[in-house]
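If you want the building blocks of each chain, they are given just below.
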Amino acid sequence: KATEATQKRNRKMFGNLLGHLQKAKKQEEAIVATDKFQARMEVESRAETKVAESSERLRDEIRNKRIEERKRQLETIREVRVKQAQAVHKLVVVRAETQHKSLTSGGYILTLCEPRVFWRPKRFDGKLEKLSKQAVQALGGELKVLKKNL
């Protein structure tokens, strides 16, 4: 007897639940069919498309800003490298001028083999004088080439 009463009660509750769900479904369908709801859905869809477009535009702007910043950085790097190369070239010219001056006025002789070393002999004879003149001419030629490239 207890199980029959429980089954009846369960069936009654289940029927009430199904009735409530069917009623809610009909109300929802009626709301969806109204013009106000359709207008609201259109407004929401337009707003979503505007948000998507603006976020895409922002992403493009950020990407373009990054590209422009990188271009500016690369240009700055190029300018610095050019200045560095010019400074190194000027240093080489100054060094060559100093060496040329040492050869012409100081009585130094430059070795012909690598590494090139300046040395000052105790006695100058004809052979050393000839080497000295060759070194001065060679270094003078190099100096002219370096100054020409400057």
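Only a predicted model underlies this, so the values are computations on that prediction, with no experimental measurement involved. (Residues numbered from 1 in each chain as written. Predicted model: local features only at pLDDT ≥ 70, side-chain atom pairs only at ≥ 80, totals over all residues. Heavy atoms only, no water.)

Peer 1: Could you give an account of the overall build of the protein, naming the residues involved and the relevant values?
Peer 2: For the protein, the helix and strand inventory stands at three helices and two strands. For the protein, the succession of helices and strands along the chain, N to C, is α-α-β-β-α. A compact globule built from 150 residues would reach a C-alpha radius of gyration of about 15 Å, whereas the protein, at 47 Å, exceeds it by more than 25%. When the backbone C-alpha atoms are referred to their principal axes, the protein occupies close to 140 × 45 × 15 Å. Taking all 150 residues of the protein together, 11% fall into the buried category. If you take every contact in the protein between residues at least 6 apart in sequence, the share linking residues at least 24 apart comes to 43%. Summed over its atoms, the accessible surface of the protein is roughly 13,300 Å², and 57% of this surface lies on carbon and sulfur atoms. A gap of 7 Å separates the mean positions of the 36 positive and 20 negative side-chain charges of the protein. (Helix = DSSP H or I, 4+ residues; strand = E, 2+ residues; numbered from the N terminus. Rg over C-alpha atoms; globule rule 2.2 N^0.38 Å. Buried < 20%, exposed > 50% of the residue type's maximum accessible area, 1.4 Å probe, protein only. Contact = heavy atoms within 4.5 Å. Areas by Shrake-Rupley, 256 points an atom, 1.4 Å probe, with all protein chains shown as cover. Lys, Arg positive; Asp, Glu negative; His and termini not counted. Charge placed at Lys NZ, Arg CZ, Asp CG, Glu CD.)

Peer 1: How would you explain a nonpolar patch on the surface if you had to name every residue and give the values?
Peer 2: Together, F14, L17, L18 and L21 make up an exposed nonpolar region whose accessible area comes to about 390 Å². Relative to the assigned elements, L21 resides in helix α1 (residues 2-33). A residue is classified by how much of its surface remains accessible, and L21, at 49% relative accessible area, is partly exposed. (Patch = residues over 30% accessible without salt bridge, like charges linked within 9 Å, V, L, I, M, F, W, Y side chains within 5 Å. Salt bridge = Lys/Arg side-chain N within 4 Å of Asp/Glu carboxyl O.)

By themselves these figures say nothing about function.
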